[in-house]
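Letter by letter, the chains look like this.
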Amino acid sequence: MDQALPPLVLNSEALPGTVMNETPTNQADATANAGRASAATDEQLMLAFSKGSSYAFEELFSRYKQPIFGFFRRRVTESAQAEELTQETFVVLLRAAARYEPKALFRTYLYAIGFKILRAHRRKAAFRATFFGQQNSAHDPSRRDATESGLWVRRAVEKLEPMDREIVLLREFEQLSYAEISDLLQLPLNTVRSRLFRARSALRNLLEPPVEPTPKDAPPNSVQTGEKT
């Protein structure tokens, strides 16, 4: 993802109600603020941002722009769509900052926003497909260009049940913990574990090359020899 979001959205016209009151008097102050932001935890940064720190948001954006873009890129067809949904996620984060409460890990909070945006995107795609005849491939990564690397793996993942597929993507690609996946998908922790085990087993079966029969396993020759008439 090449576009940098903060310069585009950190202004009061684009984001009514968002107050950015951090105005360092010199370059030394700006450098110090940036240094403190880079050393803070995600949760500390989000709290600082909710109180008006633009440096805190810029640091969060730097940490999560690629992971969130990857989250969408694995679930939509076009890179441009993934970029658009990524920016939408951070705009929602900006506008919800004043209501933020550190009840869970910031990462879980951010991915929850991403999930809501993804569901809305899929509903719109389904509506267009139903009423305007547009192909509904917005959430089918297996329909991408066949020259992309990993197409075989993506197609195998697409064959999983939707919930199992989502758990695999969150665990293997987004690197979320079992507890975070449980919170995001509103599933019991043991269910997440068992479904992930089942999905991994299914993927192994799908990705293993077919075993050619050995001579002893080959079917007998249909032509009988030596039989008297």
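Source: prediction; values computed, not measured. (Residues numbered from 1 in each chain as written. Predicted model: local features only at pLDDT ≥ 70, side-chain atom pairs only at ≥ 80, totals over all residues. Heavy atoms only, no water.)

1. Concerning the layout of surface pockets
- Space inside the largest pocket adds up to approximately 680 Å³.
- Of all the secondary structure elements, the ones that give two or more residues to the lining of the largest pocket are α6 (106-132), α8 (162-173) and α9 (178-185).
- With 9 residues, the top contributor of residues to the lining of the largest pocket is α6.
- Taken together, the residues of the lining of the largest pocket break down into 14 nonpolar, 3 polar and 9 charged. (1 Å grid on protein atoms, 1.4 Å probe; cavity = no way out; pocket = protein on both sides within 12 Å on 5 of 7 lines; lining within 4 Å. Points joined across faces, edges and corners; volume = space filled by probe spheres on them. Helix = DSSP H or I, 4+ residues; strand = E, 2+ residues; numbered from the N terminus. Nonpolar A, V, L, I, M, F, W, Y, C, P; charged D, E, K, R; others polar.)

2. A look at the nonpolar core
- In terms of nonpolar packing, the biggest core is built from 44 residues, with Met 46, Phe 72, Phe 90, Leu 93, Phe 106 and Leu 170 touching the most fellow members.
- Of all elements in the fold, only α3 (42-50), α4 (54-73), α5 (79-95), α6, α7 (151-158), α8, α9 and α10 (189-207) reach the threshold of two or more residues within this core.
- Residues contacting Leu 170, with those up to four places away along its chain left out, are Phe 71, Arg 75, Phe 115, Gln 175, Leu 176, Ile 181, Leu 184 and Leu 185. (Core = buried A, V, L, I, M, F, W, Y, C linked by side-chain atoms within 4.5 Å. Buried < 20%, exposed > 50% of the residue type's maximum accessible area, 1.4 Å probe, protein only. Contact = heavy atoms within 4.5 Å.)

3. Remarks on the environment of Ala 202
- Among the structural elements, Ala 202 can be located in helix α10.
- Residues Ala 202 and Val 157, 45 residues apart in the sequence, show an inter-C-alpha distance of 9.1 Å.

4. Here's the deal with the pattern of salt bridges
- Within this structure, the stated rule accounts for 13 salt bridges.
- Among the ionic pairs, Lys 103 bridges to Glu 101, the shortest N-O distance being 3.3 Å.
- Between Arg 198 and Glu 161 there is a salt bridge; the shortest N-O distance is 3.7 Å. One end of the pair, Arg 198, is in helix α10; the other, Glu 161, is in the loop between α7 and α8, with 37 residues separating them in the sequence.
- Residues joined by salt bridges that share partners form a network here, namely Arg 74, Arg 75, Glu 166 and Glu 174. (Salt bridge = Lys/Arg side-chain N within 4 Å of Asp/Glu carboxyl O.)

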